[in-house]
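Residue strings, one per chain:
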Amino acid sequence: MTATVWLVPHTHWDREWYEPFQRFRLRLVDLMDDVVARAEREPDFRFTMDGQMAAVDDYLEVRPEQTEAVRALVARGQLAIGPWRVLMDEFLCSGETIIRNLEIGWADASRLGSVMPIGYLPDMFGHCAQMPQLLRHVGIEQAVVWRGVPAEVDSHEFWWRSPDGTGIRTEFLANSYGNAADVFGSGAAAERLAARLATQSHWYAGDFLAMYGTDHAAPLPSLMSEVAEVDSDPDGPRVRVATLTDYLAEARHPREELRVVDGELRSHARANILPGVLSVRWHLKEAMARTERLLTRYAEPFAALHLKALPAHYLAMAWRRVVDSSCHDSVTGCGVDETAVQVLARLQEGEHAAQAVRDRALAWAQALSPAESVVVANPLAAQRDDVIELTLPVPEQWAEVGFELPSGRVVPAQEVSRPPVELARETVAAADLPRLMHRVHDRELFGLQMSRIELAPGERRLTFHLADHGDPDFDAIAAEAQLSTAAAESGPDAVWDVVTADEPRRRLAAVIPTPALGWTAIRVGELTRTEPTDAIGPHGIRRGGRVLDNGLVQVRVDTDGTLTVTADGVTLCGVGRLVDGGDPGDSYNYAPPAHDVLVSEPTQVSVTALSSEGPVVGSLRVDRRYDLPVTSYLAGRSDETEPTTVAMHVELRAGEPFVRLRLDWQNVTRDHRLRLHVPTAEPATVSHAQGQLAVVERGRTAEAGPVGEHPLPTFPAERFVDAGDVAVLLGRTVEYEVVDSQDGGTEIAVTALRAIGYLSRNVHPYRSEPAGPQLPTPEAQVLGPCHLSLAVMPHRNSWAAAGVAEATEAYLHPVVVAPGTGPVGGPLPSIEGLSLLGAGVQLVSLRRRADADTAVEVRVVNSSDQPTVAVLGSDAVPVTAGLAVDGFGRPVELGDAADLPVVADGRARLPLRPWQIATVRVDIGAPVST
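Bear in mind that the values here come from a model prediction, so they are computed numbers and not experimental data. (Residues numbered from 1 in each chain as written. Predicted model: local features only at pLDDT ≥ 70, side-chain atom pairs only at ≥ 80, totals over all residues. Heavy atoms only, no water.)

Caption draft 1: Just the nonpolar core, in detail. Core analysis: the biggest nonpolar cluster contains 162 residues, and Met49, Leu834, Val858 and Val922 have the highest contact counts within it. Looking at this core element by element, the count peaks at 11 residues for helix α9 (residues 282-306). (Core = buried A, V, L, I, M, F, W, Y, C linked by side-chain atoms within 4.5 Å. Buried < 20%, exposed > 50% of the residue type's maximum accessible area, 1.4 Å probe, protein only. Helix = DSSP H or I, 4+ residues; strand = E, 2+ residues; numbered from the N terminus.)

See the structure below:
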């Protein structure tokens, strides 16, 4: 007989899913009212609030009068809260977002009492490789999981280990988070519990964990009386009503007896992992990635280094928007359309807040830079040369132009194009001339500033002259009077030509050197033969017909619209091939029709040159038309087709070892999957994908099991995927698969779009049971404009030896350009920020906490399988002190003294083991811009 049945009453609360947030919240209020009242009435009652504080906060916002009651229940151990803010999808947000999720949730829970110190992960669709290290980095010693556990696990406990070697004791919910959800309420609790023990107790060596709860459900009112009745049987099991904290506090198997499981958990063997969520509602994935990057690599670092007054509350608000959007039923896109609308709006709020903080931080630089200059700010923690492309005023008489740097040197610029000076032309009756001034908003017209008006009475022509800065003394009232006079003199029946003219402009591209996490001001100037100029670099751009070549990469557009790409001695043929197939599945799982029709050959192909000849950028546009079936069914695809033109923008930049691709199209068809294929140089048996602070190796198959989900080998990649000597650098998290090609090789297939019409389907060829209600989701067909940005990097050797991670960093974090606002003609300043060096070391986040005026907190990861040393600081920005902290910013001792940061000569040196995540607080004095 089982020694003790640990009965854990709980609910799994999806904040938003098949109903939007506020509709679910009203039900949450009812549930929590019942839980609080029952716990106060029944001292032995316990409740675990799903490991996420958002549900508690959502309740207390509506019932603030219950705050003290909740606090008392937490103090008595009757209510377990935290540690997460929300239960996120681990593969559709960054590793830093996971840490901030814990940070916010832990802080919120602490205000109500003790926090459940458990990494409770009950319903995530698989688990990322670094989760054990992420949990241990904030002091959490135990995890609880369900989905993704491999078949080799045959006990309720195992030791889960991250790539750096960090392990964590992990409880496996072998029969889900609701394995006892139906035991009570039938009048036969003892019999049902006995049956459950007979079929499930083999997972346990003694005590049995009975999770009593399910989605959006409260315990039955009769629970405690039924438990007492079961417990009264001397021959039956002992039932202890407990929280997860109570259960996991008891002694378990010795560590050395536990099976070790390494890395990510994405097996289909024990539970469905619903991989189709990776590719539905692509716009949510892109908004998440864009907002995360704005926060972690622009807003927070620039504010920490260049602002004296930190907008801490604004940054905190932005992070809450991001974290709240990362829920496993939110960013995943597997909810109803109303939920997706809310998630996108929340992410956009976070994005706008991050933009505002970034721009405020750069306003210091703009104010120090002349009005005719441009500020170029670098989000990387190392000096870089990056391409800028912008449109600026240039006098027509200048033959060649360049950019002056603060050093006085001149960088030559490539003229990409010349926008027309004439913005508008119209005919206006003389009597209406004065009223034209009513179009001017203050001094603004057409988004520019008024410089002057020019009257040519003999030709009856009026010209509005505009400029970036215009004339600060322009008098609109006086101009209106001039026009009244001109109208009267020409007669009321006269007709005037009215021209709105910009100053002469050129679109220019140049390679600009910028300091680490700092900025530099540049201004356009005329090049002369006697002026010294900086070389663009060892390779310029050559363009001819359908070919681009920057000396590192050559791209040729073939007749079918695909690309032949050569780099590092590797040639790939057929890059960018598009394959469209039917998908009558749902938001959780892809489903091919029984008789699929794959469309991969375009009916029309055209190529257009987009850039002029020059040494900095070269670009082409490839337009391909496909006739795609209008919709798909479980049986097959429709005979009716609609034309779809996909425009592929192909770009090479000086010095970059990859080709940039951007696809734009209007999706006009339903129930289909569109994938972009990149051939590998060698047949690939494994792939490597970067995401959540690790690079994971995967095979070409997925582990199956008896649970009824087809084990598709489609996998997530957050930043890059690499296989067979080619890397695909990614602008957002995508699903990918390594597939066989027609020539006997392999290809990386990246899903650009899954268009589906149902949240879940009751009948699904790749899943034996529904994943949710069968509700229509017409907006998940994503009809309308779509795009996908990525880069392709052929290379020799491994991804690490080829510098794929470093290339991805540069690709994902371009410099920021902003106009100078200081006095005209002033000197060009340049200010360096904090520098980070170290082989394999990548910056994860850099921020200044509100209570620290002279110190910044820096999180790094060693993205390699070799030990290394992270070096923070430089001569320009020296580090004067360093302290190791955990993920919450609390001081820690890393064990051996050799693991602690050593500060000397203005640098902090931190040893890192392979794949280690580390956080340090370093003192750099005042913000570097002050």
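Now that the structure has been shown, we can carry on.
Caption draft 2: Just the pairing of strand β25 (residues 553-557), in detail. In β25, alternate side chains face the same way, and those of Val553, Val555 and Val557 are buried while those of Gln554 and Arg556 on the opposite face are not. Sheet topology note: the strand β24 (residues 547-549)/β25 ladder contains three bridges and is antiparallel. Counterpart to leucine 548 in the pairing with β25 is valine 555. The turn linking β24 back onto β25 is made up of three residues, and glycine 551 within it adopts a positive phi angle of 90 degrees. The pairing of β25 with strand β26 (residues 563-567) spans five bridges and is antiparallel. Opposite glutamine 554, over in β26, you have threonine 566 as the bridge partner. With antiparallel pairing between neighbouring strands as the criterion, β25 and β26 make up a hairpin whose turn holds five residues, including glycine 561 at a positive phi of roughly 90 degrees. (Pairing = 2+ DSSP bridges.)

Caption draft 3: Fine view of the packing of aromatic side chains. As enumerated under the stated definition, the model contains 17 aromatic pairs in all. The interplanar angle of 80 degrees and the centroid separation of 5.3 Å between the aromatic rings of phenylalanine 184 and tyrosine 212 together place this pair among those described as edge-to-face. On the criterion of sequence distance, the pair formed by phenylalanine 184 in the loop between β7 (167-172) and α6 (189-200) and tyrosine 212 in strand β8 (residues 208-212) is long-range, its members being 28 residues apart. What makes phenylalanine 184 buried here is its relative accessible area of 7%. Tyrosine 212 sits in the buried class, given a relative accessible area of 4%. Between tryptophan 799 and tryptophan 915 the ring centres are 6.3 Å apart and the planes differ by 40 degrees, which places this aromatic pair in the tilted class. A residue pair is termed long-range when its members are at least 10 positions apart, and tryptophan 799 in the loop between β41 (784-794) and α13 (804-812) and tryptophan 915 in the loop between β50 (907-912) and β51 (917-923) qualify at 116 residues. When sorted by exposure, tryptophan 799 lands in the same class as tryptophan 915, which is buried. In textbook terms, an aromatic cluster arises when at least three aromatic residues are bridged by ring pairs, as seen for Trp13, Trp17, Tyr18 and Phe24. The positively charged end of arginine 38 is found above the aromatic ring belonging to phenylalanine 45, 5.4 Å away from the centroid. (Phe/Tyr/Trp six-rings, centres within 6.5 Å; stacked < 30°, edge-to-face > 60°. Lys NZ or Arg CZ within 6 Å of the ring centre and 35° of its normal.)

Caption draft 4: The sheet that holds β41, seen in detail. Strand order in the open sheet made by the nine strands is β29-β30-β31-β32-β41-β38-β37-β34-β35, with antiparallel pairing throughout. The sheet is open, and its two edges are formed by β29 (604-609) and β35 (694-698), each paired on a single side. The average undirected angle you get between the axes of adjacent strands in this sheet is 20 degrees. Judged from the six bridges that link them, strand β31 (residues 641-653) and strand β32 (residues 659-667) form a sheet pairing that is antiparallel. Looking at β32, one finds that valine 650 is bridged to leucine 661. Against the sheet, α13 touches β32, β37 (720-723), β38 (726-730) and β41, its axis set at about 30 degrees to β38. (Axes fitted to C-alpha atoms, helices over the stretch in contact; angles between N-to-C directions. Contact = heavy atoms within 4.5 Å.)

Caption draft 5: Broad picture of the packing of helix α10 (residues 312-325) against helix α11 (residues 337-368). Between α10 and α11, the least distance of the axes is 8 Å, while the angle of their chain directions is 150 degrees. Of the possible angle classes, the one that applies to α10 and α11 is roughly antiparallel. As α10 runs across α11, the sense of the crossing is left-handed. Here Tyr314, Leu315, Met317, Ala318, Arg321, Val322, Asp324 and Ser325 of α10 lie close against α11, whose contacting residues are Val343, Arg346, Leu347, Glu349, Gly350, Ala353, Ala356 and Val357. Looking at the contact of α10 with α11 residue by residue, the classes come out as 10 nonpolar, two polar and four charged. (Parallel < 35°, antiparallel > 145°, perpendicular 65-115°, else oblique. Left-handed = near helix turned anticlockwise from the far one by under 90°. Nonpolar A, V, L, I, M, F, W, Y, C, P; charged D, E, K, R; others polar.)

Caption draft 6: Expanded view of α11. With 32 residues, α11 ought to run about 46 Å at 1.5 Å a step, and its terminal C-alpha atoms sit 47 Å apart, in line with that. Along α11, the helix axis deviates most sharply at leucine 362, where the bend reaches about 30 degrees. (Expected span 1.5 Å × (residues − 1). Bend = angle between axes of the 7 residues up to and from the residue.)

Caption draft 7: Highlighting helix α4 (residues 95-110). The terminal C-alpha atoms of α4, which comprises 16 residues, lie 23 Å apart, in line with the 22 Å expected from a rise of 1.5 Å per residue. A large share of α4 lies buried, amounting to 14 of its 16 residues.

Caption draft 8: View of unusual backbone geometry. That bond from glycine 82 to proline 83 is cis: its omega, 5 degrees, falls within 30 degrees of zero. By the element assignment, proline 83 lies in the loop between β3 (79-80) and α4. The phi torsion at aspartate 568 lies on the positive side, around 55 degrees, for a residue other than glycine. In this structure, aspartate 568 sits in the loop between β26 and β27 (570-575). Accessibility expressed as a relative area gives 43% for aspartate 568, which makes it partly exposed. In this structure, valine 782 takes a positive phi of about 40 degrees despite not being glycine. The topology assignment puts valine 782 in the loop between β40 (746-755) and β41.

Caption draft 9: Broad picture of empty space enclosed by the protein. Applying the stated criterion across every chain yields a total of eight cavities of 30 Å³ or more. Roughly 350 Å³ of internal volume is contained in the largest cavity. Lining of the largest cavity is provided by 27 residues; of these, Ser94, Gly95, Leu693, Glu718 and Arg719 occupy positions nearest its centre. Only α4, α9, α13 and β45 (841-847) provide two or more residues apiece to the lining of the largest cavity. In terms of residue count, α9 provides more of the lining of the largest cavity than any other element does, seven residues in total. (1 Å grid on protein atoms, 1.4 Å probe; cavity = no way out; pocket = protein on both sides within 12 Å on 5 of 7 lines; lining within 4 Å. Points joined across faces, edges and corners; volume = space filled by probe spheres on them.)

Caption draft 10: Expanded view of the layout of surface pockets. Its volume calculated, the largest pocket comes out at about 840 Å³. Looking at the largest pocket, it is lined by 27 residues, and the ones nearest its centre are Arg293, Arg660, Tyr811, Leu812 and Pro814. Where the lining of the largest pocket is concerned, the elements lending two or more residues are α9, α11, β12 (384-393), β31, β32, β41, α13 and β42 (816-819). Top contributing element to the lining of the largest pocket by residue count: α9, with five residues.

Caption draft 11: Representation of the pattern of salt bridges within the structure. Tallying each qualifying case throughout the model produces 65 salt bridges. Aspartate 108 serves as the salt-bridge partner of arginine 320, at 2.8 Å between the closest nitrogen and oxygen. Of this pair, arginine 320 sits in helix α10 while aspartate 108 sits in helix α4, placing them 212 residues apart in sequence. Owing to a relative accessible area of 4%, aspartate 108 belongs among the buried residues under this scheme. Sharing partners across several salt bridges, the network here consists of Arg15, Asp57, Asp58, Arg85, Asp108, Arg111, Arg320 and Asp324. (Salt bridge = Lys/Arg side-chain N within 4 Å of Asp/Glu carboxyl O.)

Caption draft 12: Geometry of the confidence of the model for the protein chain. Of the residues in the protein chain, 97% reach a pLDDT of 70 or more, and the chain-wide mean stands at 93. Counting interchain partners and residues more than four positions distant, the pLDDT-below-50 stretch residues 534-538 has 10 contacts. (pLDDT = per-residue confidence, 0-100.)

Caption draft 13: How the structure looks around the sheet that holds β40. Taken together, the five strands give an open sheet; going across it, the order is β28-β33-β40-β39-β36, and neighbouring strands pair in antiparallel fashion. Only two strands of the sheet have a single neighbouring strand rather than two, namely β28 (577-582) and β36 (715-717). Neighbouring strand axes in the sheet, compared pairwise and without regard to direction, differ in orientation by 40 degrees on average. Relative to β40, strand β33 (residues 672-679) runs antiparallel, the two being bridged by eight bridges. When the sheet's bridge partners are listed, valine 678 is paired in β40 with isoleucine 748.

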